[in-house]
Amino acid sequence: MYEQNAVTLDAVCAERSVIRHVSKHRNPDGTMDIAGNLKIWNDALSRFDQMLLWEGGAPGYDDRDPLQPQPSLIFVPAPGQECPRGTVIVAHGGGFSTRTGCEGFHAARFFSKAGFNTAILTYRLKPYSRYDALADMQRAVRLLRFRKNELGITDRIAVMGFSAGGMLGSNCATHFDFGDANAADPVERMSCRPDAAVLGYAAFATCGLPAGLFVDPFSDRATSPFVASKDEQIYFAPEVNITRQTPPFFIWQTNSDDPRNSFVLGQALTAVGIPFEMHLFPEGVHGLAMADGCNDLAMDLPHVAQWGTLCAQWLEQQGL
């Protein structure tokens, strides 16, 4: 089931049809060409056999943005799978406003070729809230577990994300439940706790890092551009929401993004005794995806690209 998705994924990546050089990200007036970027994603999405996260439509979904389809997964079964394995959910970045194709399709292809089942997540963006985006990822975890026998997978799930998608993955790893046994919807009876979280250059430490001079930390005003309120800032800062039930993390970034983001999260995980692996690379910039040249920056950095192999080894250690 869904074997054709693997063939289509190979074709999309070979064509580089979801890669749009950063020089073309903006309109002539300097504003972000959100519509153009979303169209690229949607055109690719239409070529796959998709799994809607909610068959009857996502709660709160409407026609407020015609360029945003129903939240969904593209499930890509692992090649040559002899026994059931876990699945890696891949979430693109884009500042919760747009979609960076290489961080979804190309990253999924790498981990598919490494032997993992993968599932590319299309989650809700602005004007929907970050709570909606989180609900989409949580539902994706539940749905894969609910359909595990049909898909030939285990219930081991890792969430992987880049930039905003990494922020989303960190939220899924720190805000979860174990399912509602009495839910009318059988999917909601499944746990949405991931078994592992992979964060790629995610600027998540919105509470753990100083906000700078002339910023009052005791104010009720949010200091992060990715949240609507101080309460949201606290809720979506993983470093202050870790518990003993939080799953292990794999954290990587380049030092062009403040590495203290990763230090703060690593310190918080250590304080609670949650295992993690961390890689900070001195070269490269934000948005590298697999760092193999197949990204919107056209940057091929073999040293940084090692993160993918290291991560695949780590995922195997997590039972995927």
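Now for a look at the structure at hand. Please read all numbers here as calculations on a predicted model, not as lab measurements. (Residues numbered from 1 in each chain as written. Predicted model: local features only at pLDDT ≥ 70, side-chain atom pairs only at ≥ 80, totals over all residues. Heavy atoms only, no water.)

Right, let's talk about the overall build of the protein chain for a bit. Looking only at helices and strands, one finds nine helices and eight strands in the protein chain. In terms of C-alpha radius of gyration, the protein chain reaches 18 Å, essentially the compact-globule figure of 20 Å for 320 residues. Here the C-alpha coordinates of the protein chain stretch approximately 55 × 50 × 45 Å along the principal axes. Residues classed as buried in the protein chain amount to 54% of the 320 residues present. Total accessible area on the protein chain is roughly 13500 Å²; 54% of this is exposed by carbon and sulfur atoms. (Helix = DSSP H or I, 4+ residues; strand = E, 2+ residues; numbered from the N terminus. Rg over C-alpha atoms; globule rule 2.2 N^0.38 Å. Buried < 20%, exposed > 50% of the residue type's maximum accessible area, 1.4 Å probe, protein only. Areas by Shrake-Rupley, 256 points an atom, 1.4 Å probe, with all protein chains shown as cover.)

Here the focus is the pairing of strand E5 (residues 157-162). Among the six residues of E5, six are classified as buried, and the element is accordingly described as predominantly covered. Here E5 shows no split at all, with Ile-157, Val-159 and Gly-161 on one side and Ala-158, Met-160 and Phe-162 on the other all buried. In this structure, strand E3 (residues 87-91) lies alongside E5, joined through five bridges in parallel fashion. Bridging across to E5, Ala-91 finds its partner in Gly-161. (Pairing = 2+ DSSP bridges.)

Turning our eyes to something else, we now look at the layout of surface pockets. Taken as a whole, the largest pocket encloses approximately 370 Å³ of empty space. Lining the largest pocket are 21 residues, and of these His-25, Gly-94, Thr-98, Thr-100 and Asp-296 sit closest to its centre. Classifying every residue of the lining of the largest pocket by side-chain character gives six nonpolar, 11 polar and four charged. (1 Å grid on protein atoms, 1.4 Å probe; cavity = no way out; pocket = protein on both sides within 12 Å on 5 of 7 lines; lining within 4 Å. Points joined across faces, edges and corners; volume = space filled by probe spheres on them. Nonpolar A, V, L, I, M, F, W, Y, C, P; charged D, E, K, R; others polar.)

What follows concerns the packing of helix H1 (residues 3-15) against helix H3 (residues 105-113). Taken N-terminus to C-terminus, the directions of H1 and H3 make an angle of 125 degrees; their axes are 10 Å apart at the nearest point. On the basis of their axis angle, the class for H1 and H3 is oblique. Taken as a pair, H1 and H3 cross one another with a handedness that is left-handed. Between H1 and H3, the contacting residues are Leu-9, Asp-10, Val-12 and Cys-13 on the first element and Phe-105, His-106, Ala-108, Arg-109 and Lys-113 on the second. (Axes fitted to C-alpha atoms, helices over the stretch in contact; angles between N-to-C directions. Parallel < 35°, antiparallel > 145°, perpendicular 65-115°, else oblique. Left-handed = near helix turned anticlockwise from the far one by under 90°. Contact = heavy atoms within 4.5 Å.)

One can find Leu-134 in helix H4 (residues 130-146). Every residue in contact with Leu-134, bar those within four places of it in the chain, is listed here: Leu-168, Asn-171, Cys-172, His-175, Tyr-235 and Phe-236.

Residues Lys-126 and Pro-127 are joined by a peptide bond in cis, for which omega reads 15 degrees. Mapped onto the fold, Pro-127 is located in the loop between strand E4 (117-122) and H4. A positive phi angle, near 60 degrees, is found at Phe-96, a position not held by glycine. With respect to the helices, strands and loops of the structure, Phe-96 is situated in the loop between E3 and H3. Taking the relative accessible area as the measure of exposure, Phe-96 reaches 4% and is therefore buried.

Mapped onto the fold, Asp-195 is located in the loop between helix H6 (164-174) and strand E6 (196-200). Residue classification places Asp-195 among the buried residues on the basis of a relative accessible area of 11%. A polar contact of 3.2 Å, which involves the side chain of Asp-195, links it to the side chain of Arg-156. Those residues in contact with Asp-195 that lie beyond four places of it in its chain are Arg-145, Asp-155, Arg-156, Ile-157, Pro-247 and Pro-248. (Polar contact = N/O pair within 3.5 Å; in protein donor to acceptor, adjacent residues only side chain to side chain.)

Viewed as axis vectors pointing N to C, H4 and H6 meet at an angle of 65 degrees, and their least axial separation amounts to 10 Å. The pairing of H4 with H6 is recorded here as roughly perpendicular in orientation. Between H4 and H6 the crossing geometry is right-handed. For the pair H4 and H6, contact is made by Arg-130, Ala-133, Leu-134, Met-137, Gln-138 and Val-141 and by Met-167, Leu-168, Gly-169, Asn-171 and Cys-172, respectively. Here the residues of the contact of H4 with H6 sort into seven nonpolar, three polar and one charged.

Below, the discussion takes up H4. Here H4 is 17 residues long and its end C-alpha atoms lie 24 Å apart, about the 24 Å a rise of 1.5 Å per residue gives. Counting buried residues in H4 gives 13 out of 17 residues, a clear majority hidden from the surface. (Expected span 1.5 Å × (residues − 1).)

Attention shifts here to the pattern of salt bridges. In total, this model carries 18 salt bridges according to the counting rule given. With a closest N to O distance of 2.6 Å, Glu-150 and Arg-147 form a salt bridge. In this structure Glu-150 comes out as partly exposed when scored by relative accessible area, which is 42%. Note on Arg-147: relative accessible area 14%, which makes it buried. With a shortest N-O distance of 3.2 Å, Arg-156 and Asp-195 are connected by a salt bridge. Here the residue Arg-156 occupies a position in the loop between helix H5 (148-151) and E5, and Asp-195 occupies one in the loop between H6 and E6, the gap between them amounting to 39 residues. Bridged by salt links that share partners, the residues Arg-139, Arg-142, Asp-177, Asp-185 and Glu-188 form one connected network. (Salt bridge = Lys/Arg side-chain N within 4 Å of Asp/Glu carboxyl O.)

That is the geometry; function is a separate question.
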